[in-house]
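Descriptive structure summary
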Amino acid sequence: MRPVLALVVLALAPVISLAADDNRAAGSLKVENEKGKETTLSPEAFAKLPRQTIKVKDQKGNPATYEGVLLAEVLRSAGVTLGKDLRGPLLANFLLVEAGDGYRVVFALPEVDPDMTDKVVLLADRKDGKPLPAGEGPYRIVVPEDKRNMRWVKQVARVSVRNGAPAAGKEKP
Ligand SMILES: Nc1nc2c(c(=O)[nH]1)N[C@H]1C(S)=C(S)[C@@H](COP(=O)(O)O)O[C@H]1N2
Ligand SMILES: [Mo]
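Keep in mind that this is a model prediction, so the values were computed, not measured.

Omega for the bond connecting G137 with P138 falls within 30 degrees of zero, at 10°, which places this linkage in the cis form. Mapping P138 onto the fold places it in the loop between β8 (130-131) and β9 (140-142). A positive phi angle is found at Q155, which is not glycine, with a value near 50°. Looking at the secondary structure, you find Q155 in the loop between β9 and β10 (156-162).

Structure (structure tokens):
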């Protein structure tokens, strides 16, 4: 290698390793609970959660098999209150799901809580036995019972519990 070229490669090394870190960060998922505590779930932590496989029809009516973790399990692992403790003022909170492309969708908390409903809201990381393709993954919401697919959020990057409580001084509607 010519000395000048070697210098250029050396100079770029930190940039190249930074880019690799960014790629890993892209595979992680941020979850914020109702107390504002943020948890970053690594792919390894996600892999340890209980998994489910569901057969669905996609937007075009084609059969697909999605595999992943119930959104409720992901939320619980990040300290989000569900089950018998989900009551009172917590019922005014809602879930905001944010995607890498800026797409944003909300769910009600009881709507994703297996103590409340049998409706499946899955956070999938695999489709037809393979990791989700770029553009769809690394994580995608799958809601088989929704009649339209607009809440099947692709490229999920962040899920946060948001406060629907009244603003100070506006306690009454
Ligand atoms: N991140 C993200 N997810 C998204 C959307 C989007 O624009 N961005 N569109 C939604 C809509 S309106 C539909 S119909 C489905 C389409 O899913 P498909 O690309 O797998 O057919 O994705 C949903 N998820
Ligand atoms: Mo859509």
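Moving on from the model shown.
Okay, the pattern of salt bridges next. All told, the structure shown has 14 salt bridges when counted by the stated rule. Across the pair E111 and K119 runs a salt bridge, and its minimum N-O distance is 3.8 Å. The residue E136 makes a salt bridge to K127 at a minimum N-O spacing of 3.8 Å.

Quick look at the site of ligand 1 now. Ligand 1 sits among Q59, A99, D101, Y103, R140, N149, M150, W152, V153 and K154. Between an oxygen atom of ligand 1 and a side-chain N or O atom of R140, the distance comes to 2.9 Å. The separation between an oxygen atom of ligand 1 and a polar side-chain atom of K154 is 2.6 Å. A total of 530 Å² of accessible area belongs to ligand 1 in isolation, and the protein chains cover 71% of it.

Another point: the sheet that holds strand β2 (residues 38-41). Here we have five strands laid out as an open sheet, ordered β2-β1-β10-β5-β6, and mixed in their pairing. The outermost strands of the open sheet, each flanked by one partner alone, are β2 and β6 (104-108). Adjacent strand axes in the sheet meet at a mean angle of 20° when their direction is disregarded. As paired strands, strand β1 (residues 29-32) and β2 are joined by four bridges and run antiparallel to one another. The residue bridging K30 from the neighbouring strand is T40, located in β2.

On to the confidence of the model for the protein. Averaged over every residue, the pLDDT of the protein is 89; the share at 70 or more is 85%. Note on residues 16-25: pLDDT under 50 across the span, and zero contacts to partners over four residues away in sequence or across chains.

Inspection of the secondary structure puts E32 in strand β1. The exposure class assigned to E32 is buried, which follows from its relative accessible area of 19%. At a separation of 2.4 Å, a polar atom in the side chain of E32 contacts the side chain of R158. The residues touching E32, leaving out its near neighbours within four places in the chain, are K37, E38, V80, R158, V159, S160 and V161.

A few words on the environment of D101. Here D101 shows up in the loop between β5 (94-99) and β6. D101 gets classed as exposed once you look at its relative accessible area, which sits at 55%. Considering only alpha carbons, one finds D101 and A157, 56 residues apart in sequence, at a separation of 9.3 Å. Polar side-chain contacts of D101 include one of 3.1 Å to the backbone nitrogen of Y103.

What counts, and at which threshold
Residues numbered from 1 in each chain as written. Chains lettered and ligands numbered in written order. Predicted model: local features only at pLDDT ≥ 70, side-chain atom pairs only at ≥ 80, totals over all residues. Heavy atoms only, no water. Helix = DSSP H or I, 4+ residues; strand = E, 2+ residues; numbered from the N terminus. Salt bridge = Lys/Arg side-chain N within 4 Å of Asp/Glu carboxyl O. Near = heavy atom within 4 Å. Polar contact = N/O pair within 3.5 Å; in protein donor to acceptor, adjacent residues only side chain to side chain. Areas by Shrake-Rupley, 256 points an atom, 1.4 Å probe, with all protein chains shown as cover. Pairing = 2+ DSSP bridges. Axes fitted to C-alpha atoms, helices over the stretch in contact; angles between N-to-C directions. pLDDT = per-residue confidence, 0-100. Contact = heavy atoms within 4.5 Å. Buried < 20%, exposed > 50% of the residue type's maximum accessible area, 1.4 Å probe, protein only.

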